[in-house]
Amino acid sequence: MRKTVALFLSGCVMIAGMAAESTALAGANITVDAGNGEILSQEDAFQRWYPASLTKLMTVYVAFRMVASGQITLDTPIRITALAAKQPPSKMGYKVGSELTLDNALKIMMVKSANDIAMAVGETLGGSSDKFAVLMNDEAKRLGMTGSHFVNPNGLHSDDHYTTARDLAILTLQLRREFPQYAHYFDIEAIDYGGKKLQPNLNALIGRFQGADGMKTGFVCPSGYNLIGSATRNGRTIITVVLGELKLTTRATKAAELLAKGFETQGSGTTIETLQPYGAPTRDVAVNMRPSVCSKEAGSDTWDGKDLEGHIVQGSPYMNRMDHEPAVEKVALLPAKINSMGMELNRIPVPMPRPERSSLTDASDALKAVN
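This structure is a prediction, so every number in the text was calculated from the model and none was measured.

**Quick notes on the overall build of the protein**
For step 1, the next point in the chain: Helix and strand content of the protein: 11 helices and 10 strands.
For step 2, the next point in the chain: When contacts within the protein are restricted to residue pairs at least 6 apart in sequence, those whose partners lie at least 24 apart make up 68%.
For step 3, the next point in the chain: A total of about 18,300 Å² of accessible surface is found on the protein, and carbon and sulfur atoms cover 55% of it.

**A look at helix α4 (residues 102-111)**
For step 1, the next point in the chain: Burial runs high along α4: 10 of the 10 residues are buried.
For step 2, the next point in the chain: Those residues of α4 lying buried are L102, D103, N104, A105, L106, K107, I108, M109, M110 and V111.
For step 3, the next point in the chain: One or two residues past the end of α4 sits S113, with phi positive at roughly 60°.

**A word on the sheet that holds strand β9 (residues 236-245)**
For step 1, the next point in the chain: Read across the open sheet, the 5 strands follow the order β2-β1-β9-β8-β7; overall the sheet is antiparallel. At either end of the open sheet lies a strand with only one pairing partner, and these are β2 (39-43) and β7 (212-220). Here the strands of the sheet are splayed against their neighbours by 5° on average, with no regard to which way each runs.
For step 2, the next point in the chain: Alignment of strand β1 (residues 28-33) against β2, held across 4 bridges, turns out to be antiparallel. Bridge assignment links N29 to a residue of β2, and that residue is E43.
For step 3, the next point in the chain: On top of the sheet, helix α8 (residues 248-263) reaches β1, β2, β7, β8 (224-233) and β9; it is set at about 145° to β9, its chief contact.

**As for the environment of I108**
For step 1, the next point in the chain: By the element assignment, I108 lies in helix α4.
For step 2, the next point in the chain: Take I108: its relative accessible area is 0%, and that puts it in the buried class.
For step 3, the next point in the chain: C-alpha separation for the pair I108 and I188, spaced 80 residues apart in sequence, amounts to 9.8 Å.
For step 4, the next point in the chain: Once you skip the residues sitting within four places of it in the chain, I108 turns out to touch M92, Y94, L100, S113, A114, I117, I191 and V331.

**Some remarks on the sheet that holds strand β6 (residues 198-200)**
For step 1, the next point in the chain: Here 3 strands make up an open sheet; going across it, the order is β6-β5-β10 and the pairing mixed. The open sheet has two edge strands, β6 and β10 (328-330), and neither has a second partner. Strand-to-strand twist in this sheet, taken as the mean axis angle between neighbours without regard to direction, amounts to 25°.
For step 2, the next point in the chain: Inspection of the sheet shows strand β5 (residues 190-192) paired to β6 by 3 bridges, in the antiparallel sense. Across the sheet, I191 pairs through a bridge with Q199, a residue of β6.

**Section: the nonpolar core**
For step 1, the next point in the chain: Core analysis: the biggest nonpolar cluster contains 71 residues, and I30, M58, F64, I108 and I117 have the highest contact counts within it.
For step 2, the next point in the chain: Counting residues per element, the ones that place at least two in this core are β1, α2 (55-68), α4, α5 (115-126), α6 (129-143), α7 (165-178), β8 and β9.
For step 3, the next point in the chain: Setting aside anything within four residues of it in sequence, one finds I117 in contact with I80, M92, Y94, L100, A105, I108 and M109.
For step 4, the next point in the chain: Grouped together as the second largest cluster of nonpolar side chains are 18 residues, I206, F209, A260 and M319 included.

**Section: the state of the cysteines**
For step 1, the next point in the chain: Summed over all chains, the structure comprises 1 disulfide.
For step 2, the next point in the chain: Paired by a disulfide, C221 and C294 hold their sulfur atoms 2.0 Å apart. Sign of the S-S torsion, about -90° for the bond between C221 and C294, identifies this disulfide as left-handed. Of the two residues, C221 sits in the loop between β7 and β8 while C294 sits in the loop between α9 (290-293) and α10 (296-302), which places them 73 residues apart along the sequence.

**What about the side chain of S113?**
For step 1, the next point in the chain: Considering the arrangement of structural elements, one finds S113 in the loop between α4 and α5.
For step 2, the next point in the chain: Polar contacts involving the side chain of S113 include one to the side chain of S53, which spans 3.0 Å.
For step 3, the next point in the chain: Separated by 3.3 Å, the side chains of S113 and K56 make a polar contact.
For step 4, the next point in the chain: Setting aside its immediate chain neighbours within four residues, S113 contacts S53, K56, S90, I108, L202, K216 and T217.

**Quick word on α6**
Because an α-helix completes one turn every 3.6 residues, residues spaced three or four positions apart along the sequence face the same direction.
For step 1, the next point in the chain: Between the first and last C-alpha of α6 there are 21 Å, a value that for 15 residues agrees with the 21 Å anticipated at 1.5 Å per step.
For step 2, the next point in the chain: For α6, the set of buried residues is S129, F132, A133, M136, E139, A140 and L143. Within α6, the buried residues cover an arc of 120° as seen down the axis, which keeps them to one side. In this structure, α6 carries D130, K131 and K141 as exposed residues pointing more than 90 degrees from its buried face.
For step 3, the next point in the chain: Those residues of α6 that are buried lie in contact with α2, α3 (82-85), α5 and α7.
For step 4, the next point in the chain: Of the residues trailing α6, G144 is marked for its positive phi of about 85°.

**Here's the deal with the pattern of salt bridges**
For step 1, the next point in the chain: According to the stated counting rule, one finds 10 salt bridges in the structure shown.
For step 2, the next point in the chain: In this structure, R236 and D33 form a salt bridge, with 2.8 Å as the shortest nitrogen-oxygen distance. One end of the pair, R236, is in strand β9; the other, D33, is in strand β1, with 203 residues separating them in the sequence. By the burial criterion, R236 is buried, and D33 matches it.
For step 3, the next point in the chain: The partner of K107 in a salt bridge is D103, and the shortest N-O contact between them spans 3.4 Å. Here the residue K107 and the residue D103 both occupy positions in helix α4, the gap between them amounting to 4 residues, near one helical turn.
For step 4, the next point in the chain: Take K107: its relative accessible area is 11%, and that puts it in the buried class.
For step 5, the next point in the chain: Among the residues examined, D103 registers a relative accessible area of 18% and is labelled buried.
For step 6, the next point in the chain: What emerges from the salt-bridge pattern is a single network uniting R65, E139, R142 and E178.

Rules and cut-offs
Residues numbered from 1 in each chain as written. Predicted model: local features only at pLDDT ≥ 70, side-chain atom pairs only at ≥ 80, totals over all residues. Heavy atoms only, no water. Helix = DSSP H or I, 4+ residues; strand = E, 2+ residues; numbered from the N terminus. Contact = heavy atoms within 4.5 Å. Areas by Shrake-Rupley, 256 points an atom, 1.4 Å probe, with all protein chains shown as cover. Buried < 20%, exposed > 50% of the residue type's maximum accessible area, 1.4 Å probe, protein only. Pairing = 2+ DSSP bridges. Axes fitted to C-alpha atoms, helices over the stretch in contact; angles between N-to-C directions. Core = buried A, V, L, I, M, F, W, Y, C linked by side-chain atoms within 4.5 Å. Disulfide = S-S within 2.5 Å. Polar contact = N/O pair within 3.5 Å; in protein donor to acceptor, adjacent residues only side chain to side chain. Expected span 1.5 Å × (residues − 1). Arc of directions from axis to C-beta. Salt bridge = Lys/Arg side-chain N within 4 Å of Asp/Glu carboxyl O.

Next comes the structure, spelled out in structure tokens:
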């Protein structure tokens with residue numbers, strides 16, 4: 001009897017695994033008319049997914065809300081903390097104590113997707129990364145993003161950090177509707193952060209898909225290649241959310257295809273607000289793309305050697321190579337703060353107070369107890 005039950009459970013696990021893999025290979029997406037919120041196409045829009053750096057759109061949204069409420073301005077200094085400096089790439093690599101304006105931080109986040117800058121924004125505006133995550137989740141709840149939960153401001157992987165294509169579409173629509181004055185942050189072609197250090201926008205739609213004006217890319221192994229794209233033609237704006245593509249190139253070509261077809265489609269009347277949850281119960285378990293994207297077996301299939309500049313669009317009937325030099329916006333750190341001796345304050349180590357004798361004794365006793 002036990003053997004039969006074990007075999008049955010094993011079979012269930014295999015079936016569930018096959019279903020999860022099938023879902024992973026299919027990805028998830030949704031395309032919406034930004035004007036009226038009508039859905040133009042969708043696939044597994046309620047499937048839980050890891051957003052990776054698409055998270056930074058929520059970080060930006062929280063920042064915009066704080067600017068609108070008067071708590072901060074776009075000139076507010078963002079300080080690079082020790083935690084921010086430790087974040088893995090993509091990153092700027094600024095030293096601890098460096099500062100830049102929120103304005104420049106947002107530009108770097110949207111173009112280079114720098115994890116250290118996003119963490120610095122979260123810590124500066126929220127007081128800590130954890131406190132900023134509370135603000136992110138509060139905004140998500142207020143917007144009706146019922147399938148999302150955030151634990152950090154940059155999207156580095158955590159099993160508890162997830163969203164859905166439908167929720168990301170809601171966030172993107174809100175960004176465009178509530179803050180049209182900040183639309184320029186999402187279609188910057190490149191940034192110059194010193195001399196010849198040019199960074200093209202990681203969103204390959206910008207400058208290559210007709211009318212492209214946003215929004216953000218994202219990648220970690222468990223998420224696969226994600227992209228939120230937007231474009232405006234003849235006064236009509238379409239947005240698309242593409243999650244879980246297997247290749248860097250296909251996330252752009254998939255988004256371009258969905259946007260192009262979106263411009264040829266009229267909505268059925270179902271809006272992003274009225275769309276009802278659908279899909280198998282497994283939608284509440286995030287798809288993990290790591291075996292399909294980052295395993296040794298998958299490695300040769302997921303990267304085809306094409307770079308981000310120009311060649312990424314080969315094979316897409318909806319995109320063209322950029323026919324001009326990227327329009328560049330300069331970003332820079334704020335001048336270092338200098339003390340009366342002419343030393344940069346951020347280079348001076350912070351003195352650590354000497355512990356009292358009783359504290360040393362307590363610590364010694366604690367170590368003895370542990371050992």
